[in-house]
Amino acid sequence: MALKIVKGSIDRMFDKNLQDLVRGIRNHKEDEAKYISTCIDEIKQELKQDNIAVKANAVCKLTYLQMLGYDVSWAAFNIVEVMSSSKFTYKRIGYLAASQCFHESTDVIMLTTNQIRKDLSSPNQYDTGVALTGLSCFVTPDLARDLANDIMTLMSHTKPYIRKKAVLIMYKVFLKYPESLRPAFPRLKEKLEDPDPGVQSAAVNVICELARRNPKNYLSLAPLFFKLMTSSTNNWVLIKIIKLFGALTPLEPRLGKKLIEPLTNLIHSTSAMSLLYECVNTVIAVLISLSSGMPNHSASIQLCVQKLRILIEDSDQNLKYLGLLAMSKILKTHPKSVQSHKDLILQCLDDKDESIRLRALDLLYGMVSKKNLMEIVKKLMLHVDKAEGTTYRDELLTKIIDICSQSNYQYITNFEWYISILVELTRLEGTRHGHLIASQMLDVAIRVKAIRAFAVAQMATLLDNAHLLTGNTQRNGICEVLYAAAWICGEFSEHLENPMQTLEAMLRPKVATLPGHIQAVYVQNAAKLFATVLRSQEGNTEGTAAQETSQLMIDRLPLFVQSANLEVQERASCILQLVKYIQKLQQKDVEVAEEVNALFAGELNPVAPKAQKKVPVPEGLDLDAWINEPPSESESEDEKPKAIFAKEEPKHSRPRHTEVDEKELARRREARKQEQANNPFYIKASPSSQKVYQDAPGVEHIPVVQIDLSVPLKVPGLPMSDQYVKLEEERRQKERAEKKKKEKKKRKEKRSGRGKKHDSGPESEEDITPAHMVDIVTEEMPENALPSDDDDKDPNDPHKALDIDLDKPLADSEKLPVRSHRPTEAPKSPAEDGDTESAAPQEPKKKSSKEKKEKKKDKEKDRKKSSKHKKKKQKKEKEEKEKKKKKKHHHHHHHSDGGGDESVQNGTVEEEEEPLPPMSNYCLLAENSYIKMVCDIQGNLQDGSQVVVSVIFENKCDSFLKSMEFNVLDSLNSKLQRPEGAGPHDGLTVPFQLPPGVSNEARFVFTVQSIVMPQKLKGTLTFIVKNEDSSTHEKLDFKLHFTCTSYLITTPCYSDAFAKLLESGDLKCSSVRLEGVNMPFHHLLARICFHHHFSVVERIDSCASMYSRSIQGHHVCLLVKTADQTVSIDAKCDEPSLLGNVLDEIKQTFSQC
Amino acid sequence: MIKAILIFNNHGKPRLSKFYEHYSEDTEQQIIRETFHLVSKRDENVCNFLEGGMLIGGSDNKLIYRHYATLYFVFCVDSSESELGILDLIQVFVETLDKCFENVCELDLIFHVDKAGIAGAPARAVSAVKNMNLPEMPRNINIGDISIKVPNLPSFK
């Protein structure tokens, strides 16, 4: 043995410690992975040894490897071993490893509960501290539930070091076990005024963190925080509180008004930038919340903006960044005050720091107006040219598009300019945002009818110069714009100057190198162009030109027919066949142009992105039902072969409205318009276009407003947006001159023609009219679309569960669980209102709450015994109150005439009928002037030979009780389970100490062999009573009574299983009669259920069958009948002596009352 | 709340990492790598905040970092923390390390990961900082040049 130890310690000397491991890793730079795998093998060997020091060393190394990214979950059990070491240095290593790699699905965590509890109650504050720190990292719902009470006790620890940690970890406990929030909150609130600033700050932190997620529940704390804010000098606490107020003000504007003054004072007085910044932030939040109600805060706004300007002008980049960040918050509500600092923000765009440039870009978004849009975008375009990093350039690009397209292109007065900007953007190298530009091009071309001709011309140029965009493989992103270009040229081909040239451009062999989806669009739109070309050619010359065009198609299309992309292939083959057919007809001199054009007739309308989702299911339509019986012969005459191209005319999209009458339709339309007007996500309709939809089905009737051609539509080559800026200036000047003359007329026009979306602009903005009247087509939405915009709250957000009302007074049932599901009895509190019991709103486990209530009542009963008269009166009053609803009076036999069909199954009797009498399972074990012990004995279902005794120790004196030791003289049949290595007569240390007036619960496990007979065990509790000046050794003897009832476990049983059991004939019968039982039947049942662990199988009138099971699997069945104060119990069980004892105990229970 | 504390060197080697939410080892390493890429390409004289994006738990979070000699100290925090406060916190953290190791350098962290009980250290530093009433700290201090007294911390040994 000794040799082994020596050998072990010699081995240890050669073991690697962490330093060696680190050094080794550094020395094996080339084959690090290999080296580490050999190390892990060594560690595995070390973990197999018994020596805890070796294990701790191994775990320590594992912790380091875990940080390097190696999975060490396989060592979880060893980590638990090291955690439970009694030596702090090892324990700490264990907890560190656990905090690094344990998580909710680590299964060994359940093994740690008792260890952690022991450490939490350790007299060494560092043990407690390390356990708290570790627990905060891996707390699970189970751990949180089991340890909540222990941690709550620690919140009142004498050492601030522990209090602080306990307060902080409560936050994690709340997250995992939300039920603990209400019971723990009063104490947490107390800690806000803790004498130790660290604890105070911890409490502020926890409450702020909670309040941030569910601010409305914490409004009542505002006065307290307000006091703290004005009194505290700790900047950290102040920052937190001020941030919290920022979250609270939107809910309570009155609070905001009160805050302005102290915050302003702080802003003026503090020298700490961080505090200043947070104050400004909160003032902004206050002003935002007040913005509707109070106009007179321009001074505060000015102060904020002015302070922010100082921040932005600071040379410290961090302050600059934060200043811009806060500025963007003001922007939302007070854009005017920010706009005056445009110079500063534009200057920030030139900053060398990308983060700052990005922030400044965000701000630009809100600063544009009709007047300065062109100027700002011009500046941005310059930046685009200069920008070196692609990410920043991409960001610029998206910002330009955002700024221009915001609120439905509100600020764009000249769409030709915008198209030119888009085209210029296509020249960016290597951008990822080709699709964004493309979708803008499509959007503008489709929705702004007046611009189509110009757009088509530009797109045709783009197509002609496609090689510029596709030449370099690096620029792949940008070729997306060709998608838009091809589609626009095809769809609006009537505007093309030279369709033939574009058609040729689209059929170039080079196209085959483009991505598949773009080729597909090319092919499809080539067909559209072909139709247009045919019409023009057939019209004015003899057939040869048209035939040549067909030949061109037939020559070029086979290239696409061979494409690997299925869609390209399919479309190309379809169209190729079509063209071949057309060619045949042409050779016979048939006029085909009209018919070919008919293929592509009709207008494509923009559809709102959410339209599909919003189509409501009409009443009476069952989508799952067969419309026709599943047909054997499918008739396909209704199918439209062209549906794939989505060519349906507007009319077709809503045949389902036929059944809705006109009035209803109008009403819904009105409602929808209303909704759209209020919803920023909808693109709003200008009334004129709305009318177009409803009145004129044909495209021809859409009144496209005539364009005043003050701007040349055709720009040779690629456009330069700059020239539009100039032209725009000239135009505006001209307009201003004309304005006076036209003013009256224009106003009218504006109102009717431009609709809602332009009305929002300020008066000065209105003066700038767009270059041409823009008829923006709305996106289509289905009629009577459902109002939605679903809450996108994450259902998994742990904070949702913490949305708990904290102002309600605590109900008695709301207590933290202590050790088991049975709570301790709180120290006696004077005069508690019996009626509060009714308000137990958020109770997770109904059953346990019921038990708690019952115990509560029990106590009351004890107290009232002394004054019996009073009690009776009270009880009657109370019962009458509750019975008002039911109009029943309390007499025990009233139930028999209450109606024959009452039947209760499985489980304890329902509570509603009449208030249940108070009951408790805890019975007095022993008591003296120092301490009181009550206990409850429960069988352990998992282990047929175990009984768990839960003892609540209550300190009755004014002294501190410690070093409690619980010992029992074992019998042959029953033995106290002692830890390994302890002698058979050693006592068990109670794992806690008791401050005055405090009670706590400990559990002890006994093994029993036979359970058919009751048992009595003698035991002693020894403890030290510690006063300020002296400490004495005391002891208390007790007798533990293991009744047969305690071996029974409440087990639900269904009536059919119960009947089978009785029929089986294996059970022995016995019966007992109880005389003079004066209580309602359901009380009687409840008593049996509660005290003797039975469950009701079935109850009919005054007769009930009940069931229970012993820990060793004996079935016990009862049939309970009552008539005239006599209760007869027939019982069956497979173990007659057990049954006899149980019945005796039941009898005793009722004789006591 | 602080979501994670990462310390890595100029080459992206993790020297100390502490995640306050659970991630798998692979994800943790990936987060460290990505953070390193974000942080390392920034100049010395730009601001110390980075919008972390989706790195850890969503857009509410920010990366706040400081670069000292060969080490990057990165804190990932959510919006309930004061940005400037965290910067100060990093400073105090580094000073604490400096005090523990007497002129802390990267090697100290490498060789004494356990000794300093170091994973716990950030949390302790947090509470320590929160205890004291911080004057606004001079920014961009060099690591050897300590201008503030570090408060009495519970001993690490």
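Just above, that's the structure.
Just so we're clear, the structure is a prediction, and the values are computed from it rather than from any experiment.

Caption draft 1: Spotlight on the interface of chain A and chain B. Counting from both sides, the interface comprises 57 residues of chain A and, opposite them, 53 residues of chain B. A per-residue breakdown of the area chain A buries against chain B is headed by Met67, Trp236 and Asn318 of chain A, which together make up 16% of the total. Connecting chain A to chain B are four salt bridges. One salt bridge in this structure joins Arg213 of chain A and Asp78 of chain B, with 4.0 Å as the shortest N-O distance. Inspection of the region where chain A meets chain B yields nine residue pairs in polar contact (both at pLDDT 80 or more). Of all the elements, helix H12 (residues 197-213) of chain A adds the most residues to the side of chain A that touches chain B, at seven residues. Counted by class, the side of chain A that touches chain B contains 23 nonpolar, 17 polar and 17 charged residues.

Caption draft 2: A look at helix H14 (residues 235-248) of chain A. For H14 of chain A, with 14 residues, the first-to-last C-alpha span of 20 Å sits near the 20 Å given by 1.5 Å per residue. Burial of H14 of chain A is extensive: twelve of the 14 residues sit out of reach of the surface.

Caption draft 3: Inspection of the sheet that holds strand E6 (residues 974-976) of chain A at higher detail. All names here are of chain A. The strand order across the open sheet formed by five strands is E2-E3-E4-E8-E6, and the pairing between neighbours is antiparallel. Each edge of the open sheet carries a strand with a single partner, namely strand E2 (923-927) and E6. Shown here is a sheet whose adjacent strand axes are inclined to one another by a mean of 30 degrees, direction ignored. Both strand E4 (residues 946-955) and strand E8 (residues 999-1008) contribute to a ladder of nine bridges, which runs antiparallel. For Gln946, the partnering residue across the bridge sits in E8 and is Thr1007.

Caption draft 4: Fine view of the packing of aromatic side chains. Applying the stated criterion across every chain, the model contains 19 aromatic pairs over all chains. A centroid spacing of 6.0 Å and a plane angle of 65 degrees characterise the contact between Phe953 of chain A and Phe992 of chain A, whose relative ring orientation is edge-to-face. Linking Phe953 of chain A in strand E4 with Phe992 of chain A in the loop between strand E7 (988-989) and E8, this pair joins segments that are 39 residues apart in sequence. Neither Phe953 of chain A nor Phe992 of chain A differs from the other in exposure class; each is buried. Considering the side-chain rings of Tyr65 of chain B and Tyr72 of chain B, the 6.4 Å spacing of their centres and the 50 degrees angle between planes classify their relative orientation as tilted. Comparing Tyr65 of chain B with Tyr72 of chain B, the two get one shared label, buried. One aromatic cluster is present, built from ring pairs that chain together Tyr409, Phe415, Trp417 and Tyr418 of chain A.

Caption draft 5: Layout of the pattern of salt bridges. Taken as a whole and judged by the stated rule, the model has 31 salt bridges over all chains. Here Glu104 of chain A ties to Lys176 of chain A by a salt bridge, and the two come within 2.5 Å at their closest N and O atoms. Here Lys176 of chain A lies in helix H10 (residues 160-176) and Glu104 of chain A lies in the loop between helix H6 (88-101) and helix H7 (109-120), a separation of 72 residues in the sequence. Here the salt bridges share partners, and the residues they tie into one network are Glu209, Arg212 and Arg213 of chain A together with Lys3, Glu21 and Asp78 of chain B.

Caption draft 6: Highlighting the packing of helix H25 (residues 434-447) of chain A against helix H28 (residues 480-491) of chain A. Residues and elements named next belong to chain A. Here H25 crosses H28 at 20 degrees, and the two axes come no closer than 7 Å. In terms of orientation, H25 and H28 fall into the roughly parallel class. Crossing hand, H25 versus H28: right-handed. Judged by residue contacts, Gly434, His435, Ile437, Ala438, Met441, Leu442, Ala445 and Ile446 of H25 engage Glu480, Val481, Tyr483, Ala484, Trp487 and Ile488 from H28. Of the residues contributing to the contact of H25 with H28, the split by class is eleven nonpolar, two polar and one charged.

Cut-off values and rules
- Residues numbered from 1 in each chain as written.
- Chains lettered and ligands numbered in written order.
- Predicted model: local features only at pLDDT ≥ 70, side-chain atom pairs only at ≥ 80, totals over all residues.
- Heavy atoms only, no water.
- Contact = heavy atoms within 4.5 Å.
- Buried area = accessible area lost by both parts, 1.4 Å probe.
- Salt bridge = Lys/Arg side-chain N within 4 Å of Asp/Glu carboxyl O.
- Polar contact = N/O pair within 3.5 Å; in protein donor to acceptor, adjacent residues only side chain to side chain.
- Helix = DSSP H or I, 4+ residues; strand = E, 2+ residues; numbered from the N terminus.
- Nonpolar A, V, L, I, M, F, W, Y, C, P; charged D, E, K, R; others polar.
- Expected span 1.5 Å × (residues − 1).
- Buried < 20%, exposed > 50% of the residue type's maximum accessible area, 1.4 Å probe, protein only.
- Pairing = 2+ DSSP bridges.
- Axes fitted to C-alpha atoms, helices over the stretch in contact; angles between N-to-C directions.
- Phe/Tyr/Trp six-rings, centres within 6.5 Å; stacked < 30°, edge-to-face > 60°.
- Parallel < 35°, antiparallel > 145°, perpendicular 65-115°, else oblique.
- Left-handed = near helix turned anticlockwise from the far one by under 90°.

Worth remembering: the numbers are spatial, not functional.
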